[in-house]
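Below, each chain spelled out in residue letters.
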Amino acid sequence: MSKNKPETALEVRDLHKEFVLPQHKRNSVKQAFVNMVSRNGRTVQKVLDGVSFEVNKGDFFGIVGRNGSGKSTLLKLLAGVYAPTRGEVIAHGGLTPFIELGVGFNPELSGRDNVFLNGALLGFSRSDMEAMYDEIVDFAELAPFMDQKLKNYSSGMQVRLAFSIAIKAHSDVLIFDEVLAVGDEAFQRKCLDVFEDYKAKGQTVILVTHDMETVKQYCSRAMLLSKGKIVQLGNPQKVAREYSRLNQEEIDKESGKKNLRTTTIGLRVVIEDMDGKGRTSFDVGECLSVTTSWQSMQTESLPNSIVVNIYRRSGEHVTGFKTKTDGLLLGPGDSSVTARIKLDLFPGKYYLLVQSLTKDDEEIETIIEGPEFTIKMQDGMKWAGLVNLEHEWVSR
Amino acid sequence: MRYLSKKNRAILREMVSTDFKIRYQGSVLGYMWSVLKPLFLFAILYVIFTYVFKVGKNIEHYPVYLLLGVVLWNFFTEATVVGASSVVAHGDLIRKISIPRYLVVISSSVSALINLALSLLVVVTIALINGLRPETSWLMVPLLLLELFAFALAVAFILSAAYVKYRDITYIWEIMLQAGFYASAILFPLQLVPLQYQKWFFLNPIVQIVQDVRYSAVTHQTITMWDKVRPIFTIYPFIVIILVSVVARIYFKKQSKFFAENI
């Protein structure tokens, strides 16, 4: 065998999966996302429509896609939970035993019993489990609670326990489904550490996530699914971008419906520092330049004003400015506008939401999750709270 | 053996032990109930059938004869009823991981088997008190229990696979069990049945098993298949059980591919 060609860990060939829906379920919410085909009076839901790809040994393979794109079904096919309608999954070296964390967890059993139960389901023998029990408990930081029933655990504790067992699993391919969607920041940090570890060890991992940062940072390859088909496969950066674009399209489509408008003007937002360098990390009080650009030929969809909003990652709307109210009128000749903002903001993560509006203040296009930036922690803050407002002191 | 590999045995063990832990959850006497239940059952049967309905007065050790039958029947009922809903009851597992599907059915019948063992302890104790003494013919009993287990397991496989699609199955099966209870001559000695009908009872394989266990362990007054049909026909129950097992295997294997999506 040639050394240059990576070994295949998992092969998926022309995978199709259809579900036959019982008649009374016809009007379910799921319908909104999938292609329906009526066959002999039965409603058939095509969830996967000819998916082929390979996962190589040592790949950190990300699968992304909107809800209802077929990700979960694909995972279940990979793990052998579902049988394919057509096509095949070839796993070189054992099936992958799990899909979700805490499978088989029983709320009525003690934490300890659940560790052994879950461990057995992941393919460990009793003696394997006894050997690693202490390690699992330590990692989960739950030693004082192991004799308590699981139902008395908080959801965070349950996830910690489940994850601590799951990472013990050794299989040629590991599958994680939305692990990062649960748990607090400290736990997510821990997950990412484990991922680093897997990468270092060359463990093959398949990861389903909605978090594009994780995809960009950790995945060696990625795949974007939409309506049961592969839209993009390969470079994780490209996949992440395509995913965001797809989401944007969907949002535009929805808002377009409301406004009976389907035009997009290719709205783009770029953030830079004052030297014109692309940066995402700033000091308190530094200046940020936000450049919004668009390309439009038709006069009726030309933006009359641009709105730049700053949100904290945790959800608070910090501030927002509009070109028109600030006295800047955009003309047909303009194709970009730059806002310079002094970042008197408390350290943390922020992102931008940028809108383009017509002269009647109707929305043309919006970038909901615009660029993100971080204000760096610093010692000796001169003010307290979220923002530093313009102020003066008068003493008498 | 692939079916009971180390991995599968570990899963089976955890599932059965979970089942027992959950079953006696929150009860003061806990595991004791597995023994107390057949004990009280015996007390009730003893009072009713020795003082009220004296159907067994011509059969020696009738209380033991009766209790043994009831205990075996209860095992068959438990193994098939719990087995029938086992796949659906473990839907959570089946929808998420690809453990062999037959394990959930086997685990429910192993739980029933453990209960049977505990009940049999009570039966043996009572038998000894009742004046029965161990004989070499008792050695037949484990083989007959194996036969009953095989039959119950095969039925449970068919029912559990069918139940995923047709939720009427458990109701139908419970009605059939009600009828089966009388068709299996559990509560009354077969002698009570008019002579010309006695042999038809043996169409039901359970009758052969229960009567043979009673014959081997309690009293030779028990009517067995050998008394009723030509020797060549005594092979009949085994053919039935093998046929049911073959059907069970094919049907379950075919259906189990789609359990995850049909549950």
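How each quantity is defined
- Residues numbered from 1 in each chain as written.
- Chains lettered and ligands numbered in written order.
- Predicted model: local features only at pLDDT ≥ 70, side-chain atom pairs only at ≥ 80, totals over all residues.
- Helix = DSSP H or I, 4+ residues; strand = E, 2+ residues; numbered from the N terminus.
- Buried ≥ 20, exposed ≤ 12 C-beta atoms within 10 Å, placed from the backbone.
- pLDDT = per-residue confidence, 0-100.
- Pairing = 2+ DSSP bridges.
- Axes fitted to C-alpha atoms, helices over the stretch in contact; angles between N-to-C directions.
- Contact = placed C-beta atoms within 7 Å.
- Nonpolar A, V, L, I, M, F, W, Y, C, P; charged D, E, K, R; others polar.
- Parallel < 35°, antiparallel > 145°, perpendicular 65-115°, else oblique.
- Left-handed = near helix turned anticlockwise from the far one by under 90°.
- Expected span 1.5 Å × (residues − 1).
- Arc of directions from axis to C-beta.

Draft legend 1. Focus on the overall build of chain A. Counting its secondary structure elements, chain A contains seven helices and 18 strands. By the burial criterion, 32% of the 396 residues in chain A qualify as buried.

Draft legend 2. Examining the confidence of the model for chain B more closely. Of the residues in chain B, 99% reach a pLDDT of 70 or more, and the chain-wide mean stands at 92. Both scores are available for the predicted complex, with the pTM at 0.74 and the ipTM at 0.86.

Draft legend 3. Up close: the sheet that holds strand β10 (residues 268-272) of chain A. Residue and element names in this part refer to chain A. Reading across the sheet, the three strands line up as β10-β12-β15 and stay open at both edges, with antiparallel pairing between neighbours. For this open sheet the edge positions go to β10 and β15 (336-342), each flanked by a neighbour on one side alone. The average angle at which neighbouring strand axes cross in this sheet is 20°, direction not considered. Relative to strand β12 (residues 287-293), β10 is paired through five bridges, and the arrangement is antiparallel.

Draft legend 4. Seen up close, the interface of chain A and chain B. Contact with chain A, which involves 26 residues of that partner, is made by 20 residues of chain B. Looking at the side of chain A that touches chain B element by element, the count peaks at five residues for helix α2 (residues 111-121) of chain A. Of the residues that constitute the side of chain A that touches chain B, the class distribution is 16 nonpolar, five polar and five charged.

Draft legend 5. Expanded view of the confidence of the model for chain A. Residues and elements named next belong to chain A. Residues with a pLDDT of 70 or more make up 86% of chain A, whose mean pLDDT is 82. Across residues 24-33, where pLDDT falls below 50, the model places six contacts with residues more than four positions away in sequence or in other chains. Within the model, pLDDT remains below 50 along residues 258-262, and this stretch shows four contacts once partners closer than five positions in the same chain are excluded.

Draft legend 6. The environment of K227 of chain A, seen in detail. As for its position among the elements, K227 of chain A is in the loop between β8 (221-226) and β9 (229-234). C-alpha of K227 of chain A to C-alpha of L329 of chain A: the two residues are 102 residues apart in sequence and 42 Å apart in space.

Draft legend 7. Quick look at the pairing of strand β13 (residues 305-312) of chain A. Residue and element names in this part refer to chain A. In terms of residue burial, β13 counts as a mostly covered element, since six of its eight residues are buried. Relative to strand β16 (residues 348-357), β13 runs antiparallel, the two sharing eight bridges. What sits directly across from N309, in β16, is L353. As defined by bridge partners, β13 adjoins strand β14 (residues 317-322) across five bridges and the pair is classed as antiparallel.

Draft legend 8. Looking closely at the packing of helix α1 (residues 6-23) of chain B against helix α5 (residues 102-129) of chain B. Residues and elements named next belong to chain B. The N-to-C vectors of α1 and α5 enclose an angle of 50°; their axes lie 9 Å apart at closest approach. Compared by their axis directions, α1 and α5 come out oblique. Once α1 is placed against α5, the crossing between them reads as right-handed. Together, N8, I11, L12, M15, V16, D19 and F20 of α1 and L103, I106, S107, V110 and S111 of α5 make up the contact between the two elements. Broken down by class, the residue content of the contact of α1 with α5 amounts to eight nonpolar, three polar and one charged.

Draft legend 9. Looking closely at the sheet that holds strand β6 (residues 173-177) of chain A. Residue and element names in this part refer to chain A. Strand order in the open sheet formed by five strands is β6-β7-β4-β8-β9, and the pairing between neighbours is mixed. Both edges of this open sheet fall to β6 and β9, since each of them pairs with a single strand only. Adjacent strand axes in the sheet meet at a mean angle of 15°, parallel and antiparallel pairs treated alike. In the sheet, strand β4 (residues 60-65) pairs with strand β7 (residues 204-208) via four bridges, with the strands oriented parallel. Residue pairing for β7: I63 is matched across the bridge by V208.

Draft legend 10. Representation of α2 of chain A within the structure. Counting buried positions along α2 of chain A gives nine out of eleven residues, so the element sits mostly inside the fold. Within α2 of chain A the residues assigned to the buried category are G111, N114, V115, F116, L117, N118, G119, A120 and L121 of chain A. Lining the buried residues of α2 of chain A we find α3 (126-140) and α4 (155-166) of chain A together with α1 of chain B. Backbone geometry just downstream of α2 of chain A places G123 of chain A in the positive-phi region, at approximately 100°.

Draft legend 11. Region of interest: unusual backbone geometry. Residue and element names in this part refer to chain A. We note that D14 has phi near 45°; this positive angle belongs to a residue other than glycine. Tracing the sequence through the fold places D14 in strand β1 (residues 8-21). Unusually for a residue other than glycine, E141 sits at a positive phi of about 55°. If you trace the backbone, E141 turns up in the loop between α3 and α4. Residue classification places E141 among the partly exposed residues on the basis of 14 C-beta atoms within 10 Å.

Draft legend 12. A look at helix α2 (residues 32-52) of chain B. Residues and elements named next belong to chain B. Between its first and last C-alpha, α2 extends 29 Å over 21 residues, near the 30 Å set by a 1.5 Å rise per residue. Every buried residue of α2 is accounted for by S34, P38, F42 and F49. The arc that holds the buried residues of α2, viewed along the axis, is 65°, so those residues lie on one side. Facing away from the buried surface of α2 by more than 90 degrees, the exposed residues are F40, I44, V47, Y51 and V52.

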